Amino acid sequence: MTAQAPEWKRQAYSIAAMRVMARTTLPRPVFDFADGGAEDELTLRRNEKAFAAVELLPRPLNGTSERDLSITLFGKRLSLPVLIGPTGLAGLFWPDGERCAARAASASGTAYCLSHGSVCTIEQLAECGAAPRWMQVFIYKDRGFTRELAERAAKAGYDALVLTVDNQLTGNRERDIRNGFSIPPQFGLAGLAGMALKAEWLWRMRREIGRITFGNYVRPGEASNIKMVAGRMAAMLDPSMSWADVDELRKIWRGPLLLKGILHRAEAKNAVERGIDGLIVSNHGGRQLDGAPASIAVLPSIVEAVAGRVPVLLDGGVRRGGDVVKALALGAQAWLVARPQLWGLAIAGEAGVAHMLELYRQEMSRVMGLCGIARVADIGKDLVFSHPKYGRQP
Ligand SMILES: Cc1cc2nc3c(=O)[nH]c(=O)nc-3n(C[C@H](O)[C@H](O)[C@H](O)COP(=O)(O)O)c2cc1C
């Protein structure tokens, strides 16, 4: 970081530091909505901790002065293997949050995945021109609505569709209960008291707060009141979703189709056999099934099951560029970050998200350099030190 960098950038020297800054800026219920996980938050913590068990074995005598972090994913060149994953209500963290984050991703040369539960609509995001852009959907009781979202995304020029499979029932997020925060955002007494101390956020959001809604669910001619829309949305999800629905979506969506929320190797194998183009190994950041394993821990078995037939992506708890290198060494093609983009938004909007991506880029580049690796393609299994769970030294 240069001496001329603005003060916030100097304070935001790591993703962990950005989280602390976001906690200072955001009302407690909003911060906890993003930061928290389900029940005892075992899986949430496991995601981050699991990286500590993966050790990197450097070969500095390979000597590299330049590093190339770029990858090609579904035919598109990305400048680094870090994408922005879907997070509902990003517009609660900064006005027009989704478009700010998508523009930052695009300018940084990477992809942005819009959440089903975004404040702005599929079409509004597309209007900002950010690319590549992906769209995330669920399976609804009314299968026609899943089809409608997919068709809208195709029409608006989205490059890939992500079907999230681990959220057909909403996880039990106890911080939200404690804070009186719910979807729609409602703040209990303690929450309101906490908000009063967050003048900067309140001032910034003063025009937005009344307009926050789940944009994609608003029907023409119907009130966009978030309470109504959110009630309808929660009731729409269908826990009886099955492989037949995946097959149906496969018929509707012609471009790259990914499943997000895969942890079991049998499901990974089945998905590939049914023509899915990519997998996102994920436990939803510990927000759904508390007790699920860390995504990095199951990665090797998924990679083995898929056997190179489709790209394997990953999310959950990556807070360092070095963690991305570890995931790639264990066979992933790319990583999606979720909470860190919200910290970026909370701190400085579009510039904050751009800064967050730059941190991953710099850290990854430094770790690759220290390991004697010049290109992403050269990151292999032999970079991981022998470990009973994660790999073996050649
Ligand atoms: C506030 C918030 C909202 C999220 N909304 C969605 C969503 O709408 N769809 C989805 O598939 N995943 C959603 N996720 C899960 C993330 O995409 C991701 O799987 C998870 O947060 C793990 O990444 P992280 O550890 O980098 O946050 C959300 C996560 C957070 C924190």
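Refer to the structure presented above.
As a starting point, this report considers the structure included with it. These numbers come from a predicted model, not from an experiment.

**Side note on the overall build of the chain**
Argument step 1. Counting its regular elements, the chain contains 16 helices and 10 strands.
Argument step 2. Referenced to the eigenvectors of the C-alpha coordinate spread, the extents of the chain come out at roughly 65 × 55 × 40 Å.
Argument step 3. Counting all 394 residues of the chain, 57% fall into the buried class.
Argument step 4. A fraction of 72% describes how many contacts in the chain between residues 6 or more apart in sequence connect residues 24 or more apart.

**Examining the site of the ligand**
Argument step 1. Neighbouring the ligand are 23 residues; P86, S115, T164, D315 and G317 lie closest to it.
Argument step 2. In this structure, a nitrogen atom belonging to the ligand sits 2.9 Å away from a side-chain N or O atom of K260.
Argument step 3. Residue G317 places a main-chain N or O atom 2.8 Å away from an oxygen atom belonging to the ligand.
Argument step 4. Isolated, the ligand exposes 610 Å² of accessible area, and the fraction of that covered by the protein chains is 97%.
Argument step 5. When residues of the shell around the ligand are traced back to their parent elements, those giving at least two are α3 (28-35) and α16 (339-371).
Argument step 6. With 3 residues, the top contributor of residues to the shell around the ligand is α16.

**Side note on the pattern of salt bridges**
Argument step 1. A full pass over the atoms with the stated rule returns 27 salt bridges.
Argument step 2. Of the charged contacts in the structure, one is a salt bridge between E350 and R103, with a shortest N-O distance of 3.0 Å. Placement of E350 in helix α16 and of R103 in helix α5 (residues 97-107) is noted, with a sequence separation of 247 residues between them.
Argument step 3. Judged by its relative accessible area of 30%, E350 falls in the partly exposed class.
Argument step 4. What you see here is one network of salt bridges that share partners, running through R19, R28, D32, D35, E41 and R175.

**Description of the packing of helix α13 (residues 265-273) against helix α14 (residues 295-306)**
Argument step 1. It is at 9 Å that the axes of α13 and α14 come closest, and there the two elements cross at 30 degrees. Between α13 and α14 lies a crossing whose hand is right-handed. Between α13, through R265, A268, K269 and V272, and α14, the contact on the second element is made entirely by S301, I302, E304, A305 and V306.
Argument step 2. Split into classes, the residues belonging to the contact of α13 with α14 amount to 5 nonpolar, 1 polar and 3 charged.

**Observations concerning the state of the cysteines**
Argument step 1. Summed over the entire model, instances satisfying the criterion amount to 0 disulfides.
Argument step 2. C100 takes part in no disulfide bond, and the closest cysteine sulfur to it belongs to C128, at a distance of 8.9 Å.
Argument step 3. The class of C100 is buried, set by a relative accessible area of 7%.
Argument step 4. Counting only cysteine sulfurs, C128 is the nearest neighbor of C120, a cysteine outside any disulfide, at a range of 7.6 Å.
Argument step 5. C120 sits in the buried class, given a relative accessible area of 5%.

**Let's talk about the pairing of strand β8 (residues 278-281)**
Argument step 1. The alternating pattern of β8 places G278 and I280 on one face and L279 and V281 on the opposite face, and all of these are buried.
Argument step 2. Note that strand β7 (residues 257-262) and β8 share 4 bridges and pair parallel. The residue of β8 that forms the bridge with L258 is G278.
Argument step 3. For the segment spanning β7, α13 and β8, crossover handedness is right-handed.
Argument step 4. Bridge count for β8 against strand β9 (residues 312-315) is 3 bridges, and the pairing is parallel. Its bridge partner lying in β9, L279 is registered against V312.

**Digging into the nonpolar core**
Soluble globular proteins: nonpolar side chains tend toward being buried together.
Argument step 1. W134, Y158 and L279 are the most contacted members of the largest nonpolar core, which totals 126 residues.
Argument step 2. Among the elements that take part in this core, α16 stands out by supplying 15 residues, more than any other.
Argument step 3. Ignoring anything within four residues of it in the chain, the contact list for Y158 reads L114, I122, L125, A126, R133, W134, M135, A153 and W253.

**Some details on the pairing of β9**
Argument step 1. Residue alternation in β9 divides its side chains into two sets, V312 and L314 and L313 and D315, and both sets are buried.
Argument step 2. Following the chain from β8 across α14 to the adjacent parallel β9, one finds a crossover that is right-handed.
Argument step 3. Across 3 bridges, β9 lies against strand β10 (residues 334-337) in parallel orientation. Residue pairing across strands places D315 opposite L336, the latter belonging to β10.
Argument step 4. Regarding the hand of the β-α-β motif, the stretch spanning β9, helix α15 (residues 321-329) and β10 is right-handed.

**Topic: the packing of α5 against α16**
Argument step 1. Relative to each other, α5 and α16 sit at 15 degrees, their axes nearing to 8 Å. Relative to α16, α5 is oriented roughly parallel. Classified by chirality, the crossing of α16 by α5 is left-handed. Contact residues: α5 offers G97, C100, A101, R103, A104 and A105, while α16 offers Q341, L345, G349, E350, V353, A354 and L357.

Definitions and limits used
- Residues numbered from 1 in each chain as written.
- Predicted model: local features only at pLDDT ≥ 70, side-chain atom pairs only at ≥ 80, totals over all residues.
- Heavy atoms only, no water.
- Helix = DSSP H or I, 4+ residues; strand = E, 2+ residues; numbered from the N terminus.
- Buried < 20%, exposed > 50% of the residue type's maximum accessible area, 1.4 Å probe, protein only.
- Contact = heavy atoms within 4.5 Å.
- Near = heavy atom within 4 Å.
- Polar contact = N/O pair within 3.5 Å; in protein donor to acceptor, adjacent residues only side chain to side chain.
- Areas by Shrake-Rupley, 256 points an atom, 1.4 Å probe, with all protein chains shown as cover.
- Salt bridge = Lys/Arg side-chain N within 4 Å of Asp/Glu carboxyl O.
- Axes fitted to C-alpha atoms, helices over the stretch in contact; angles between N-to-C directions.
- Left-handed = near helix turned anticlockwise from the far one by under 90°.
- Nonpolar A, V, L, I, M, F, W, Y, C, P; charged D, E, K, R; others polar.
- Disulfide = S-S within 2.5 Å.
- Pairing = 2+ DSSP bridges.
- Right-handed = clockwise from strand over helix to strand, strands pointing away.
- Core = buried A, V, L, I, M, F, W, Y, C linked by side-chain atoms within 4.5 Å.
- Parallel < 35°, antiparallel > 145°, perpendicular 65-115°, else oblique.

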